[in-house]
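Here is what each chain is made of, one letter per residue.
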Amino acid sequence: MDQVVVWKTAALVVVRKSISLSVSKMRIVNVILIAIFLCSCTSSKLSKHTAKADADTIPLLLKGSFTDDYGIRYTINDTVWTQHPNVKYHIIKSDTLAQYLLAKNDISNPGERELYTRIDYMQFTNMEPYHWGFCLSVYNAKTIEEAQNKATADRGNPRKGCNGYPFSRMKKSE
């Protein structure tokens, strides 16, 4: 009950102070509030296809420089998955619960330019030096929704769970 009285008192103080402001100051305050509102509406309408992943959204396990069990090198950070020498995936979404990334293929990739990719991953135990693996479940989707909704990898069968092939096993590069 005391909190309600405090909130009502604070609201009355704000209203009284607002009334005492001159008309020109009120206009300035209104313009600022409208600008803040418009900016927040505009930023929320940004295309989810071009927005980059928020900082630190991919698991730490996936960040860094790696070599897979085929000898291919990778560099992965919060926004770009690079398969050296010249394939890049721009990370748009990370779902750590379902263990996948959604990405847009770079315009300069040798194939599947500007299409969408789903990268499923899983952690390994007792497979040193490999601690995790990935599967390009989908690499040529026309929309991000298509990439997200296509059949996912079978983590229960990492030897054949990537569209009939094994997950690529990853180890830290030295």
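Thresholds applied
Residues numbered from 1 in each chain as written. Predicted model: local features only at pLDDT ≥ 70, side-chain atom pairs only at ≥ 80, totals over all residues. Heavy atoms only, no water. Salt bridge = Lys/Arg side-chain N within 4 Å of Asp/Glu carboxyl O. Helix = DSSP H or I, 4+ residues; strand = E, 2+ residues; numbered from the N terminus. Buried < 20%, exposed > 50% of the residue type's maximum accessible area, 1.4 Å probe, protein only. Disulfide = S-S within 2.5 Å. Pairing = 2+ DSSP bridges. Contact = heavy atoms within 4.5 Å. Polar contact = N/O pair within 3.5 Å; in protein donor to acceptor, adjacent residues only side chain to side chain. Phe/Tyr/Trp six-rings, centres within 6.5 Å; stacked < 30°, edge-to-face > 60°.

1. Quick notes on the pattern of salt bridges
Taken as a whole, this structure holds 5 salt bridges when the rule is applied. Between R155 and D120 there is a salt bridge, with the nearest N and O atoms lying 2.8 Å from each other. Of the two residues, R155 sits in the loop between α3 (144-149) and β8 (168-172) while D120 sits in strand β6 (residues 116-123), which places them 35 residues apart along the sequence. Across the salt bridge formed by K150 and E146, the nearest N and O atoms sit 3.6 Å from each other. Given a relative accessible area of 29%, E146 falls into the partly exposed group.

2. Notes on the state of the cysteines
On inspection of all chains with the given rule, the structure shows 1 disulfide. Across a sulfur-sulfur distance of 2.1 Å, C135 and C162 are joined as a disulfide pair. An S-S torsion of about 85° defines the bridge between C135 and C162 as right-handed. Linking C135 in strand β7 (residues 132-141) with C162 in the loop between α3 and β8, this pair joins segments that are 27 residues apart in sequence. On the accessibility criterion, C135 (1% relative accessible area) is buried. The exposure class of C162 is buried, given its relative accessible area of 11%.

3. Topic: unusual backbone geometry
For the bond from H84 to P85, the omega torsion is 15°, close enough to zero to count as cis. Position of P85 relative to the elements: it lies in the loop between β3 (80-83) and β4 (87-95). Between E128 and P129 the backbone carries a cis peptide bond, its omega angle lying at 10°. Residue placement: P129 occurs in the loop between β6 and β7.

4. Regarding the pairing of strand β2 (residues 73-76)
Side-chain alternation along β2 places Y74 and I76 on a buried face and R73 and T75 on a face that remains uncovered. Linking two consecutive strands that pair antiparallel, namely strand β1 (residues 64-68) and β2, is a turn of 4 residues; a positive phi of about 85° is found at G71 within it. Bridge count for β2 against β3 is 3 bridges, and the pairing is antiparallel. Among the inter-strand pairings, I76 is bridged to a residue of β3, identified as W81.

5. Re the environment of S94
Take S94: it is sitting in strand β4. A C-alpha to C-alpha distance of 10.0 Å links S94 and T79, two positions 15 residues apart in sequence. Once residues lying within four places of it in the same chain are set aside, the contact partners of S94 are T57, I58, P59, Y100 and L101. Among the polar contacts made by the side chain of S94, one reaches the main-chain carbonyl oxygen of T57 at a distance of 3.1 Å.

6. Remarks on the packing of aromatic side chains
Going through the model one piece at a time under the given rule, you end up with 6 aromatic pairs. Seen from their ring centres, W81 and F134 are 5.0 Å apart, and the 75° between their planes marks the pair as edge-to-face. Separated by 53 residues along the polypeptide, W81 in strand β3 and F134 in strand β7 bring together distant segments of the chain. Side by side, W81 and F134 carry an identical accessibility label, which is buried. Measuring from ring centre to ring centre gives 6.5 Å for W132 and F134, while their planes differ by 45°; the resulting arrangement is tilted. Residue class for F134 comes out buried when judged on its relative accessible area of 5%.

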